Amino acid sequence: MVTQAERGNPLRDLNPRNMAAGIVTSLLAIAGPPAIILEAAVNGNFSTYQTILWFFAIYVGGGIFGIILPLRYRMPIVGAHSITGVAFLATVTSQFTYSELIGAYLLSGLLILAVGTLGTFSKLLDYVPKEIISAMLAGMVTKYMINFIVSTSQFLLVGGGALLAFLFFSKANTRIPPILAAIITGSILLLLSHNFGNTGMATDFIFPQAQVPEFGLASFLSVAVPLALLILSNDCAVGLGALEQNDYHPPVNRIVTLSGIFSVIAGIFGGQSANIGGMMTAICAAEEAGPKEARYMGAVVSGSIILIFGLFAWKFVPWIQALPSAFIGILGGFALLGVYINSLQISFSRPSMKLSVTFAFMIALANITILNISAPVWSLLAGTIIARYVEKS
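None of the values given here were measured: they were computed from a predicted structure. (Residues numbered from 1 in each chain as written. Predicted model: local features only at pLDDT ≥ 70, side-chain atom pairs only at ≥ 80, totals over all residues. Heavy atoms only, no water.)

Visitor: Is there a simple way to think about the overall build of the chain in this case?
Guide: Along the backbone of the chain there are 18 helices and 2 strands. By principal-axis analysis of the C-alpha atoms, the chain measures approximately 55 × 50 × 45 Å. Taking contacts inside the chain between residues at least 6 apart in sequence as the whole, the part at least 24 apart equals 85%. Roughly 16,700 Å² of accessible area belongs to the chain as shown, and the carbon and sulfur atoms make up 66% of that amount. (Helix = DSSP H or I, 4+ residues; strand = E, 2+ residues; numbered from the N terminus. Contact = heavy atoms within 4.5 Å. Areas by Shrake-Rupley, 256 points an atom, 1.4 Å probe, with all protein chains shown as cover.)

Visitor: Looking at this structure, I do not really get the packing of aromatic side chains. What am I missing?
Guide: Each aromatic ring pair is described using two quantities: the centre-to-centre distance and the angle formed by the ring planes. The final tally for this structure, using the stated rule, is 9 aromatic pairs. For the pair Phe55 and Tyr59, a centre-to-centre distance of 6.1 Å together with 20 degrees between the ring planes defines the contact as stacked. Of the two residues, Phe55 and Tyr59 both sit in helix 4 (residues 48-73), 4 residues apart, roughly one turn of that helix. The pair formed by Phe55 and Tyr59 is uniform in burial state, with each residue classed as buried. Relative to Phe316, the ring of Phe309 has its centre 4.9 Å away and its plane inclined at 10 degrees; by these criteria the two rings are stacked. Ring-pair connections join several aromatic residues into one group, and the members of that group are Phe55, Tyr59, Phe309 and Phe316. Over the aromatic face of Tyr144 sits the side chain of Lys143, whose NZ or CZ is 5.3 Å from the ring centroid. Cation over ring: Lys292 sits above Tyr248, and NZ or CZ is 5.1 Å from the ring centre. (Phe/Tyr/Trp six-rings, centres within 6.5 Å; stacked < 30°, edge-to-face > 60°. Buried < 20%, exposed > 50% of the residue type's maximum accessible area, 1.4 Å probe, protein only. Lys NZ or Arg CZ within 6 Å of the ring centre and 35° of its normal.)

Visitor: I tried to follow the pattern of salt bridges on my own but got confused; where do I start?
Guide: Pairing of side chains with opposite charge becomes possible as their charged atoms draw close. The full count for this structure, using the stated rule, is 2 salt bridges. The salt bridge involving Glu131 is made with Arg350; its shortest N-O contact spans 3.8 Å. Of the two residues, Glu131 is situated in helix 8 (residues 130-154) and Arg350 in the loop between helix 16 (325-347) and helix 17 (354-366); the sequence distance between them amounts to 219 residues. Residue classification places Arg350 among the partly exposed positions, given a relative accessible area of 33%. (Salt bridge = Lys/Arg side-chain N within 4 Å of Asp/Glu carboxyl O.)

This is the structure we're talking about:
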């Protein structure tokens, strides 16, 4: 048992197992998702400054979140940003101005804050079936999976080697996540086979500044609402569920509220969110991360590395921009592969909802816009209406 005096110094709780869990989760956060962020920024014609600011906001915000909350509650509450949120944004950044997106980020954070403050987290997720949210997400992510296969065929040495590493580590069932092994293998093969030169390798320090938001009904419905639902269902629900499964008793409403507050702050500086990470929290909360009372330090380690990455985004982003587009597609595919598989599995897990999830999936995949409202909203709306009023759920 850890004495109260010992708990006053968190460094005493550091051990190889929680450090390893923290390092793995931080690498998952900084290895694959930047490729999706870069694609979303390119689709929205963001400037280099706006792109770097996006990285700064979500990684610094997520890092601070992942340091403060674990130390406060002595639980492995890992701070991150929403990769599913980024995947969603890549489909809509071209439809709105930068200022409108900033306004939508702020409103999304305020929605999450309201849900946490009012204590309506469970009721909200019950009203919009998780199968419909997952079907909408799967429909949006499908294009990344197709691009993943195409990019792998175009960059066969790098993509094929990464895919073989992924399959090997999936079969070996080691403590090394297959996706991380694939990204590291692909990166090594890229360095050995590609000449970068000095392209995009240098930039000056960029001082973060608050961005000017613009609010509108279309951006609220098409960006803020779906983004908030994705964060609540794919990050908050997963992370809090992982804590409860490992015999922790997290303050649910308070963590959701803080996810909203940090997301609002991230939005001010150009980022879509800073919140509890779903799968990352699951990794740090698991038995493999060491003694239960010390696992929170894995989250602190993860948050510290993520924070450093965000502080030096002005150095990292130009390097990421210099990567071949096919390699970006490969990284994005691996980063979203687990999300895609889980989304498909959850979507069609209930036989009584086949019709509703199929329509939700197809509408999201079609990426249609009607009355200036984007496909994810119509996907959620159509799926929910069919599930509640047509099918016998």
